Amino acid sequence: MKVGTLRGSFEKWNKVKSKEEMLEELKQYRYILSKSMIEYFEGLIELDYSVIRDLLAEDDRKVLSDLDLYRDAFIYNVYNRALNLFKLYVSDYDIKYMGNENGIEGLSFKVDGNNVFNFNYSSPRDNVPNGFRSLNIGEISLFKYEDNIESIKEDIDRVLDILDHLYNEKNPFGVPRKGIIGGPYAQWSIDHQSKINKYERLFEKLDSRGELTDKQKRQIEVTQRFHDLLLEDFGIKFSDFKEAEHYDFMSTPLNKQYIKVMPGVTIVDNVKCF
């Protein structure tokens, strides 16, 4: 998760455009876009609805994603709707954020010390050839904690199955002659024992899970609430996400990522299980 690129005071960087700037930019497209599309962008600029909501046909969104107007409106809409949403709860929670006023091309929120939202719209400009622009708009990250004891039990069963297989696995290479050091037999034995050690440590970590602390219960309560509020604002459900393909069970058994891809944008749902 990247919070957003920090730009120096003398470096050119992209601030979120103002409402007035967005309306002026929209004027340039009045003879290019249909009336319904103009009205759609007006709604985005007025913050009537989230740009993430499924209000456009997929083909239309793909075409629009090539326009600077769409990129600017997307960033403007996500940034300002998030600001407005969190402002509603400043009297109930300790809410801190970082954004343009901190010199960052992005916006991130912490609630009671917990990461709950991040929007990074900084372009990978160093990797884009001269004369071209990146089609990437940015990445949105959500965060929540879960008390998922059932998932942990499933992970324990998986680890035990893997260990059972490893314990019974035989070295496929022949025993080297006396006096021979190294070779495939020895290397396999070293790698095999290393795998066993990793999964035994993993089992111990999973099996040592006790009762939740008050702090953990509070983390679950806070992050789940804002996670649900954001999904509701975006008009999407958890079922709209797919588990990330790069998920590494052995290294992160209690941390899972789910992905939703839109033209130019990736939404990442980060779930940590206690």
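A. Geometry of the overall build of the protein. For the protein, the helix and strand inventory stands at seven helices and eight strands. Per-residue burial over the protein gives 45% buried out of 274 residues. Residue pairs at least 24 apart in sequence account for 64% of intrachain contacts in the protein once pairs closer than 6 positions are excluded. Summing over all exposed atoms, the protein offers an accessible surface of approximately 16200 Å²; the carbon and sulfur share of this is 50%.

B. Broad picture of the pairing of strand β3 (residues 104–111). In terms of burial, β3 is a largely internal element, seven of the eight residues being buried. The pairing of strand β2 (residues 95–98) with β3 spans four bridges and is classified as antiparallel. From the neighbouring strand, Ile95 faces β3, where its bridge partner is Val111. Taking the residues that link successive antiparallel strands as the turn, the β2-β3 hairpin has five residues, and the phi of Gly103 there is positive, at about 80 degrees. Taken together, the six bridges between β3 and strand β4 (residues 114–120) define a ladder with antiparallel strand orientation.

C. Summary view of the environment of Asp60. If you trace the backbone, Asp60 turns up in helix α3 (residues 58–64). In this structure Asp60 comes out as partly exposed when scored by relative accessible area, which is 36%. Along the sequence, Asp60 and Met37 sit 23 residues apart, while their C-alpha atoms lie 9.6 Å from each other.

D. Molecular detail of the environment of Ser122. Here Ser122 is to be found in the loop between β4 and β5 (138–146). In sequence terms Ser122 and Ile137 are 15 residues apart; their C-alpha atoms lie 7.7 Å from each other.

E. Fine view of the pairing of strand β8 (residues 265–273). Taken across its nine residues, β8 has seven buried, putting it largely inside the fold. Bridge count between β5 and β8: nine bridges; the pairing is parallel. When the bridges of β8 are listed, Ser141 appears paired with Val268. Sheet analysis places strand β7 (residues 255–262) next to β8, joined by eight bridges and oriented antiparallel. Within β8, the residue paired with Asn255 across the bridge is Lys272. Adjacent in sequence and paired antiparallel, β7 and β8 are bridged by two residues, among which Gly264 carries a positive phi angle near 80 degrees.

F. Spotlight on the side chain of Glu105. Positionally, Glu105 belongs in strand β3. Of the residues examined, Glu105 reaches a relative accessible area of 0% and is grouped as buried. From its side chain, Glu105 meets the backbone nitrogen of Asn14 in a polar contact 2.8 Å long.

G. Seen up close, the packing of helix α1 (residues 19–27) against helix α4 (residues 68–87). Closest axis-to-axis distance for the α1/α4 pair is 11 Å, and the angle between their directions is 155 degrees. Considering the angle they form, α1 stands roughly antiparallel to α4. Relative to α4, the crossing made by α1 is left-handed. On α4, the residues touching Lys19, Met22, Glu25 and Leu26 of α1 are Asp68, Leu69, Asp72, Ala73 and Tyr76.

H. Looking closely at the pattern of salt bridges. What the rule picks out here adds up to 11 salt bridges. One salt bridge in this structure joins Asp72 and Lys17, with 3.1 Å as the shortest N-O distance. With Asp72 in helix α4 and Lys17 in the loop between β1 (5–6) and α1, this pair connects stretches of sequence that are 55 residues apart. For Asp72, a relative accessible area of 17% gives the class buried. With relative accessibility at 30%, the residue Lys17 sits in the partly exposed group. Taken together, the shared-partner salt bridges in this structure form one network comprising Lys17, Glu25 and Asp72.

Here is what the cut-offs are and how they apply
- Numbering of residues begins from 1 in every chain and follows the order in which that chain's sequence is written.
- With pLDDT at 70 or above as the cut-off, local features in this predicted model cover only qualifying residues; side-chain atom pairs require 80 or more to be listed or tallied, and sums for whole chains, interfaces and linings still use all residues.
- To obtain the side-chain values, all non-hydrogen atoms of the structure were used and water was disregarded.
- The secondary structure listing takes helices from DSSP runs of H or I that are at least 4 residues long and strands from runs of E that are at least 2 residues long, numbered from the N terminus.
- Think of it in three bands: with a 1.4 Å probe and only protein chains considered, a residue is buried below 20% of the maximum accessible area for its type, exposed above 50%, and partly exposed in between.
- The contact definition used throughout considers only heavy atoms, calling two residues in contact when any of these lie within 4.5 Å.
- Per-residue and other accessible areas were derived by the Shrake-Rupley procedure at a 1.4 Å probe size, with only the shown protein chains allowed to occlude residues.
- We treat two strands as partners when DSSP finds at least two bridges between them.
- N or O atoms closer than or at 3.5 Å make up a polar contact, with two conditions inside protein: a donor-capable atom paired with an acceptor-capable one, and, for residues adjacent in sequence, both atoms drawn from side chains.
- Think of each axis as a best-fit line through the C-alpha atoms, taken over the contacting stretch in the case of a helix, with angles from 0 to 180 degrees between the N-to-C directions.
- Any angle between 65 and 115 degrees counts as roughly perpendicular, while under 35 counts as roughly parallel, over 145 as roughly antiparallel, and the rest as oblique.
- Handedness of each helix crossing follows the sense of rotation of the near helix against the far helix: counterclockwise by less than a right angle gives left-handed, clockwise gives right-handed.
- Throughout this description, the term salt bridge denotes a Lys or Arg side-chain nitrogen within 4 Å of a carboxyl oxygen of Asp or Glu.

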